[in-house]
Amino acid sequence: IFVIIARTFNGGIPNGTFWYHELRVQMETAIKKIRPAVITDDLCQKLDEYRAFRHIVRNVYSFSFSAARIEPLVSHLSELSKQLDSEIRKFLKIIEE
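Keep in mind it's a predicted model, so treat the numbers as computed, not measured.

S.K.: In this structure, what is going on with the overall build of the protein? I would like to understand it.
M.R.: Secondary structure assignment for the protein yields four helices and zero strands. When the helices and strands of the protein are read in sequence order from the N terminus, they spell out α-α-α-α. Taking all 97 residues of the protein together, 22% fall into the buried category. Nonlocal contacts in the protein, meaning residues at least 24 apart in sequence, comprise 48% of its contacts between residues at least 6 apart.

Below you can see the structure in the form of structure tokens.
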């Protein structure tokens, strides 16, 4: 969803090693006279926790996982999904108007 928004309103997606992070930051930043912020800073910070976990999954062997680190991410996933859905819908409503 963020990639589609970036291509449509931002002229493309960021380049480089940290493009995932830069894309998320773009989504929490309003672009005057073009589009409002897509997500709040709060949601951006929460998504960063999942991005960091994804990085570990892709770069560290699975036997290094800590159940204590994974459990909070799993337990909050439903809440995060609802918040993301709500903020995307709010963004779309503003754009449609």
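S.K.: Help me understand the packing of helix α1 (residues 2–9) against helix α2 (residues 19–27) in this model?
M.R.: Axes are the key here: two packed helices are described by the angle between their axes and the distance separating the axes. Taken N-terminus to C-terminus, the directions of α1 and α2 make an angle of 70 degrees; their axes are 10 Å apart at the nearest point. Classed by the angle they form, the pair α1 and α2 counts as roughly perpendicular. Note that α1 runs across α2; the crossing there is left-handed. Contact residues: F2, V3, I5 and A6 in α1; W19, L23, R24, Q26 and M27 in α2.

S.K.: Whenever I open this one, the packing of α1 against helix α4 (residues 67–96) confuses me. Can you help?
M.R.: Relative to each other, α1 and α4 sit at 25 degrees, their axes nearing to 13 Å. In terms of axis orientation, α1 runs roughly parallel to α4. Our pair here, α1 against α4, has a crossing hand that is left-handed. Within the contact between the two elements, α1 uses F2, I5 and F9 and α4 uses L84, I88, F91 and I95.

S.K.: What is the right way to look at α1 in this model?
M.R.: The periodicity of an α-helix, 3.6 residues per turn, causes residues three or four places apart in sequence to face the same way. Taken residue by residue, α1 has F2, I5 and A6 as its buried positions. Looking straight down α1, one finds its buried side chains confined to an arc of 100 degrees; they lie on one side. Exposed and facing more than 90 degrees away from the buried side of α1 are I4, R7 and T8.

S.K.: I keep staring at the packing of aromatic side chains and nothing clicks. Help me out?
M.R.: Aromatic rings in a pair are described by how distant their centres are and how their planes are angled relative to each other. As enumerated under the stated definition, the model contains two aromatic pairs in all. Pairing F9 with F91 gives two aromatic rings, centres 6.0 Å apart and planes at 85 degrees, and the pair type is edge-to-face. On the criterion of sequence distance, the pair formed by F9 in helix α1 and F91 in helix α4 is long-range, its members being 82 residues apart.

Cut-offs and rules
Residues numbered from 1 in each chain as written. Predicted model: local features only at pLDDT ≥ 70, side-chain atom pairs only at ≥ 80, totals over all residues. Heavy atoms only, no water. Helix = DSSP H or I, 4+ residues; strand = E, 2+ residues; numbered from the N terminus. Buried < 20%, exposed > 50% of the residue type's maximum accessible area, 1.4 Å probe, protein only. Contact = heavy atoms within 4.5 Å. Axes fitted to C-alpha atoms, helices over the stretch in contact; angles between N-to-C directions. Parallel < 35°, antiparallel > 145°, perpendicular 65-115°, else oblique. Left-handed = near helix turned anticlockwise from the far one by under 90°. Arc of directions from axis to C-beta. Phe/Tyr/Trp six-rings, centres within 6.5 Å; stacked < 30°, edge-to-face > 60°.

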